[in-house]
Each structure stands twice: as C-alpha cells, then as structure tokens.
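Here is what each chain is made of, one letter per residue.
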Amino acid sequence: MTAATREPSRPTRDGSAGLLARVIALPPISPRRAGYLVERTWLITRHTWLIIVSGFFEPLFYLLSIGIGIGALVGTVTVDGQLLDYTVFVAPGLLASSAMNGAVYDSTFNIFFKLKYAKTYDAILSTPMSAADTAAGEITWALLRGMFYSAAFLLVMLALGLVASPWALLALPACLLIGFAFAAVGMAATTYMRGWQDFSFVNLAVMPMFLFATTFYPLSTYPEPLQWVVACTPLYHAVELVRGLTIGLVDASLVVHVAYLAVMGLLGLRVAAGRLEKLLLR
Amino acid sequence: MIHARGLTKRFGEFTAVDGIDVDVLRGEAFGFLGPNGAGKSSTMRMIGCVSPPSAGTLRILGMDPAADGPAIRARLGVVPQQDTLDLELTVRENLLIYGRYFGLSRALVRERADELLDFVQLTDRAKDKVEPLSGGMKRRLTIARSLINDPEILLLDEPTTGLDPQARHTLWDRLFRLKQRGVTLVLTTHYMDEAEQLCDRLVVMDKGRFVAEGSPRELIARYSTREVLELRFRADEDISVYGEKLAGLVERIEVLPDRLLLYTDNGDRTTEEVHARGVRPAGTLVRRSTLEDVFLRLTGRTLVD
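Presented here is an overview of the structure given in this document. All values reported here derive from a predicted model rather than from experimental measurement. (Residues numbered from 1 in each chain as written. Chains lettered and ligands numbered in written order. Predicted model: local features only at pLDDT ≥ 70, side-chain atom pairs only at ≥ 80, totals over all residues.)

Residues and elements named next belong to chain B. Taken together, 3 strands build an open sheet; the order of strands is β2-β1-β4 and the sheet is antiparallel. A single partner strand is all that each edge strand has here, and the edge strands are β2 (14-24) and β4 (55-60). Taking each pair of neighbouring strands and ignoring which way they run, the sheet shows an average axis angle of 25 degrees. (Pairing = 2+ DSSP bridges. Helix = DSSP H or I, 4+ residues; strand = E, 2+ residues; numbered from the N terminus. Axes fitted to C-alpha atoms, helices over the stretch in contact; angles between N-to-C directions.)

Attention shifts here to the pairing of strand β11 (residues 252-255) of chain B. All names here are of chain B. Across 4 bridges, β11 lies against strand β12 (residues 259-264) in antiparallel orientation. When the sheet's bridge partners are listed, Val255 is paired in β12 with Leu260. Linking β11 back to β12 in an antiparallel pair, the connection comprises 3 residues.

Facing 21 residues of chain A, the contacting portion of chain B comprises 21 residues. For the side of chain A that touches chain B, the secondary-structure elements that each account for two or more residues are α2 (31-45) and α6 (120-125) of chain A. For the side of chain A that touches chain B, the class distribution of residues is 10 nonpolar, 6 polar and 5 charged. (Contact = placed C-beta atoms within 7 Å. Nonpolar A, V, L, I, M, F, W, Y, C, P; charged D, E, K, R; others polar.)

The subject of this paragraph is the packing of helix α5 (residues 86-116) of chain A against helix α11 (residues 234-247) of chain A. Residues and elements named next belong to chain A. Running from N to C, α5 and α11 point in directions that differ by 135 degrees, and their axes come no closer than 8 Å. Relative to α11, the element α5 is oriented oblique. Helix-helix and strand crossings are classified by hand; for α5 and α11 the assignment is right-handed. Seen from α5, the contacting residues are Val88, Ala91, Pro92, Gly93, Leu95, Ala96, Ser97, Ala99 and Met100; seen from α11, they are Leu235, Ala238, Val239, Val242, Arg243, Thr246 and Ile247. For the contact of α5 with α11, the per-class residue count stands at 12 nonpolar, 3 polar and 1 charged. (Parallel < 35°, antiparallel > 145°, perpendicular 65-115°, else oblique. Left-handed = near helix turned anticlockwise from the far one by under 90°.)

All names here are of chain B. Along its 16 residues, helix α6 (residues 165-180) runs 23 Å from first to last C-alpha, staying within 8% of the 22 Å computed at 1.5 Å per residue. Buried within α6 we find Arg168, Leu171, Leu175 and Leu178. Here the buried residues of α6 occupy an arc of 80 degrees about the axis, which is enough to place them on one side. Exposed residues pointing more than 90 degrees away from the buried face of α6 are listed as Pro165, Gln166, Asp173, Arg177 and Gln180. Residues of α6 that are buried make contact with α5 (135-146), β6 (153-157), β7 (184-189) and α7 (192-198). (Expected span 1.5 Å × (residues − 1). Buried ≥ 20, exposed ≤ 12 C-beta atoms within 10 Å, placed from the backbone. Arc of directions from axis to C-beta.)

Next up, the structure:
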C-alpha cells in the first residue's frame, strides 16, 4: 500500500468526484510508523512461520480438487465467446478468492483478538503511533502475507500451464488490491464486533460470495436480475479482474473493477482508523 | 511538567473527573490516591494523551495534548494498570519493538534494551517468552518497556497491584532509583504504604474530585493524629456503649463492628485514661497514624466497586 501522508481534504470541487474525495479522505498516516507495526508482526511471525506457510495449501487443494478433479467432468466453459479449459477458468477465481479469504481472516479474527483481549493497541497508542498508523500497519501486513500466497499460487498456475497471457503478471498487484479492499473493510467491520459470536456474520458474507460470485462458473449462468445482484458483490469484481488478466481478456471493464476495489479499500481504511480511535482513545 | 486547570472527563452522563487543578513539577513523585472509580485512571489516560479531556486546560511538557499528542507521548513512559505485553514475543523482543514505535534506531534500541533488562533484573530471561513469567517479572518488564524512550515523565497506573511483598519492594526500589535519576513519577495507587514510600506529594481523589492535597506527612497531620489507639472487644459486647463512655476523651473516636479507634497524640496516656473510665477492652494496640487513616476518613469506609 502506498498511502502517503495526506492533508485532510478541503471541500473543493462540486459534483460526485469532490464528494467521493471527501468521503474517502484519510487521516494523516505516517508510512514509517505504519512500518513499525509491520515489523512487530514480522517479529511474531518468526516464531509462528509454520502457520503462515500452512495458509498456502488451502487454495492449492481447491485447485487440485475443483480445478483438476471437477474440471475433468466439466471440460470447457465459454467466456465472451472464447472457449476455455475449466481449470484455466476456475484457477483465477480461486486465486482471487484466496486473496479475499486471507485478508478477511487476518483483519477480523486476528485483529479482534488484539483489540479486545491482548490490548495490543492500547500499548501501541501510548507511543507516538496514531490509530491510523496502526490500522495502516495491520492492513499492510495482511497485504504482504496475501502477496506471498498469491505469488505462490500464480507460480503453481504457471507450472500447471494455467496462465494464458503475459497480462497475468499484473494479477499479483491485482491480488494486492483485492487484499487491501477486503482487509480494510474486514478491519472496519471488526471494530463493530461485540464478541466472537458476531464472527458468524463474517462467514455469512464471505462464504456465499465464494460460492456464487463467479468463482466457479460465469455470470451468464444466472438470469439477468440475479446477474445484477452478483455484479454488486466485491468478490465478483475481484474474480473478474484476476480472470481477465490471467486469460488475457483485457478491456475497459477491468478499470471498473479496479476502481470498485480501490474505493472499497479506502473507505474501509478510513472507517477502521476512525473507529479504532473511538474505541481506544476514549 | 504537567499543568491542569478545570480538567474534566465525562463519559456520556457520567463525570469521571470533575474539574481538577493540578501541577506536577520536574523531578517530583506525585501520587493520585483514591478508591476504585475515583477517576484516577481517567486522569492518567488524559495525561498520557490517549483520552481527550471533555473540558478544561491540560498542558504536558508545555504542550497541548490535542495538538501535539505524538510529540508529548514521545517523551512519556506509560505503565498501564494491566500488562499489555506481547505474549508471543520474547522478553527482549518486547523492548526492541516498543522502542521502534518511538522511531529509535535498531542499534540504540538494542543497547537500551540490554541496559533496561539489567536494570529490572531480567537479563537471564531475555530470550524467554513472556507468557510463563511471574506477575512481578511481567510488571518489571512493563516498567523496562516504559523506559525504552528515556522518558521525562513516567506514568504508573497502580504499579504494584496484585504483586507479592517481595515483588513490590523490588519495584519500589527500582522506582526510587528512577526518581533519583530525575525522572518525574506520576502514579496512582490505593496502597497507602506505596504512597508513603514513593510520593513527595499526593492528592486524594473521590468521585472525580480532589478531597485533599499535600505531602504524606502533611496529610496525616491535617486529617489524622500522631497516633491511633485501637481497642478490641469481644464479639458479644455492645461496642457503642463503650463509645459513649469514652466520648470527649480524644478529638475523634471511630466505632467499628469489633473495635474502637481513638485518634490521639499520645496513645499510652489515652490508654491509661480509658482504663480510668472503667473500660476494659480485650486488647489494646497503639500505632502510628498512617495515610490509610487519612484515606478512610476522607473517602469513607463504604465498599466501592
């Protein structure tokens, strides 16, 4: 993430662009201080690296079971008139979903524990670190972790011959963006959680998206009204972005996906930083 | 170092700190005493720049927390009421990463971490995880952590609550040394012996306000007597009868369920006078008056949760 220190935005232009700029205006973030929080997590990870490595296997197992196993039954899928091997179709869907899952897990369960039980942030905020620095640092870590998984998964795709275009190189930054969007919103949601029971809502949001947001079959499968519903979900934009890049179907719609995810992430970060401040700096 | 006028903290309808005025000078050890819920911790959090005041003026090191929070926090050390150590990290790593939050270089942090581990006598546990440490060790580590930025003011919120006597004395000794080095100490406590040991000056807080202010000795002189004579009686006796019998003998008599407390300047003479009035207690004890007597007089004996 490259959020540099920003001035609080002044109400400037009229119209939706100006409004949007005001809504997503972030509190000042010091990248250097956010980095210290990443350093903290890195120190901890050196003691618990096995847990990190284990996270790589989940999408891989999905790829082997659904992609190759089910793929053998399904054969091919048609996307925009282009005939694709099912494995080639589903692999980017799994890549995008795993970027989402990793980010959500990191930013909900992990953060909730630190917020409510370990009181980690109480200690951190009595130093010069601000709530926004802390939020940015945590999200950055979620991104770095997600990037490690995404890169590994992309290499597996490459080895299995599932990458159809050099555009796939951009799938890695795309996954970073997906991670940012979901980690920021996940963290914002976590600040509203009252107890562990509230986490069932996280699953309630993530699971259906994973199953229905075009991870496993194209949008055209749905009747039109349902297509609109699916097209509103963030994972749909994540999957379509990554899929467009790995199968080489690059067009203007990708810009829409990027914009959707970027706005989602910035909004999430803003809410998360504001809420952390409210919760911790009472 | 710390200057507050009309400092107030409200949480919704509830007023935790109700317009206090306080000045803490450089190199001083200043204590906030009071029962639970008196507003001590809220005051400490405002001074620590992690809780914005609802009203009033607050200046710390000449700066305004609202505008210069990070700059002030950079020069404060904070020992919170509950330990907030990173349990997944080792003892030494806890210090290293905390120092980094202050923007200190890795080399400097390493050097200070080793010095501080030595200072709090944890050098031989440096590579151990924090989780299995005893309460006293964790507390010492928290104090070491609060010193990593070489703070000018050290804020300690109930530093020895829950520790055994040995651990408390070790901590007091370390805090005393810090004071000698010129670090300003601001602490809250409800242990009177702690306040007497450590504080040059203190305030007694109750319901968000100061009810008394001064050095431990001044407070004892003002709100208590030099000595206290405790008369114990058998459980089946009606103590209030004795209370009436002894009325007027000393400045103040307190009637408790099992004993009478007579506040006096000469315990032995009062004992003779008690006998002269025909009162025969099961046991007598003459002791020096302590801050505890002051505290209980000012904040009452009713249990506060």
